[in-house]
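As a plain string of letters, each chain reads:
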Amino acid sequence: MRAIVGISIDIQTIYVTLGAIFGAAIGSFVAAYGTRVGTPKSPIHTRSSCETCGHLIRPLELIPIVSWVVLGGKCAACKAPLFKRYVLVEAGFALLGALYGAQSNFAITDIAILTSIALLSVCIISDSERMLLPMPPMIIVFVLGLVFSVSHPSLHLLDQLISSGVGVALLGIPASLYFLVRKTHGFGEGDYYLMAAIGMWSTPAQICEVFYLGIVSCLLTAVSLGFLRRKQVAGSDAYPLGAFLAAIGLLPLIQLLFAESQWFQRPLMQWLMSQV
């Protein structure tokens, strides 16, 4: 406890609050970056604007979560509904930041983990919206995993390189068989780079789990959407597999970030199954 102007403030409360604030800010950038992939808009230099009327959003309208709530989820100019994507991503990262602050156990290497989580989230958004996986984030995630494996005792460089190769092979083998049968590619080129990047943060067992859960969740989503739309799922239909792989690929990173939590000390699959 620290007393500031007669008020007792728990230092952990400060960490949680700051973590939530910074997390929401990072989430806002992640949402903007992911949305602008494949468009002329720069994720850094282009000002945010309403996608309906083109109104340039003012700084006070860009406060993560708060501005969306105050404006009622509508554009300040034309009152058109704003996409909930931004506030949901901001809230998700605010929660992650708060949980990270709550553990009060910080390390310089956590920057690499948090950066990789943010960049994989960019891949989730971009692939979900435009079936595009941006190359720079995947390369950075791969390089950060490479550096982390050299500097952190919990990972070993050779194991991570093997995991990365396994990730690529898991896609390459069925893709080759698919090509022989259908004479067309079953996976996008970006999916291979994505699995290589996730593999640098995973054990061989974990990257297999990422592939399995990614494929299953993608198939279940395709079937569910087909049922809701009363449309038969065709083999030629394209679905954002990379978004599912990236989403599941966040779990090994979260395990590393919260290594001291008993929830994440269990193997990935066991932990997932125990939550069902």
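Within every chain, residues take consecutive numbers counted from 1 along the sequence as written. Note on the predicted model: pLDDT of at least 70 is required for a residue's local features to be given, and 80 or more for side-chain atom pairs to be given and counted; whole-chain, interface and lining totals, by contrast, use all residues. In computing side-chain values, all of the structure's heavy atoms are included and hydrogens and water are not.

### A closer look at the overall build of the chain
Turning to step 1, where the next piece is worked out: In this text, helices come from DSSP runs of H or I with a minimum length of four residues, and strands from runs of E with a minimum of two, each type numbered from the N-terminal end. On a plain count of helices and strands, the chain comes out with 10 helices and two strands.
Turning to step 2, where the next piece is worked out: When the helices and strands of the chain are read in sequence order from the N terminus, they spell out β-β-α-α-α-α-α-α-α-α-α-α.
Turning to step 3, where the next piece is worked out: The contacts of the chain with a sequence gap of at least 6 include a subset with a gap of at least 24, amounting to 65%.
Turning to step 4, where the next piece is worked out: Areas reported as accessible are Shrake-Rupley estimates using a 1.4 Å probe. Residue values count occlusion only from the protein chains shown. Surface exposure of the chain reaches about 15,500 Å², of which carbon and sulfur atoms provide 69%. Here, two residues are considered to be in contact whenever any of their heavy atoms come within 4.5 Å of each other.

### A look at the packing of aromatic side chains
Turning to step 1, where the next piece is worked out: Only centres within 6.5 Å qualify two rings of Phe, Tyr or Trp (six-membered ring in Trp) as a pair; their planes then separate them into stacked at under 30 degrees, edge-to-face at over 60, and tilted for everything else. Scanning the model with the defined rule gives four aromatic pairs in all.
Turning to step 2, where the next piece is worked out: Judged by centre distance (5.1 Å) and plane angle (90°), the rings of tyrosine 15 and phenylalanine 106 are edge-to-face. Highlighted residues: tyrosine 15 in helix α1 (residues 11-36) and phenylalanine 106 in the loop between α3 (85-102) and α4 (110-130), separated in sequence by 91 residues.
Turning to step 3, where the next piece is worked out: Three or more aromatic residues joined by ring pairs form one cluster here, namely Tyr15, Tyr100 and Phe106.

### Concerning the pattern of salt bridges
Turning to step 1, where the next piece is worked out: Salt bridges are counted wherever a side-chain nitrogen of Lys or Arg sits within 4 Å of a carboxyl oxygen of Asp or Glu. Tallied over the entire structure, the rule returns three salt bridges.
Turning to step 2, where the next piece is worked out: When the shortest N-O distance is used, the salt bridge between arginine 85 and glutamate 129 registers 2.3 Å. Note that arginine 85 is positioned in helix α3 and glutamate 129 in helix α4, a separation of 44 residues in sequence.
Turning to step 3, where the next piece is worked out: A residue is classified by how much of its surface remains accessible, and arginine 85, at 18% relative accessible area, is buried.
Turning to step 4, where the next piece is worked out: A salt bridge links glutamate 129 to arginine 130; the nearest nitrogen and oxygen atoms lie 3.8 Å apart.
Turning to step 5, where the next piece is worked out: Through salt bridges with shared partners, a single ionic network connects Arg85, Glu129 and Arg130. Categorising residues by exposure relies on relative accessible area from a 1.4 Å probe, with only protein chains included: less than 20% of the type maximum marks a residue as buried, more than 50% marks it as exposed, and the intermediate range marks it as partly exposed.

### Describing the side chain of glutamate 90
Turning to step 1, where the next piece is worked out: Within the secondary structure, glutamate 90 sits in helix α3.
Turning to step 2, where the next piece is worked out: When residues no more than four places from it in sequence are discounted, the contact partners of glutamate 90 are Gly23, Ala24, Gly27, Ser28, Pro64 and Ile65.

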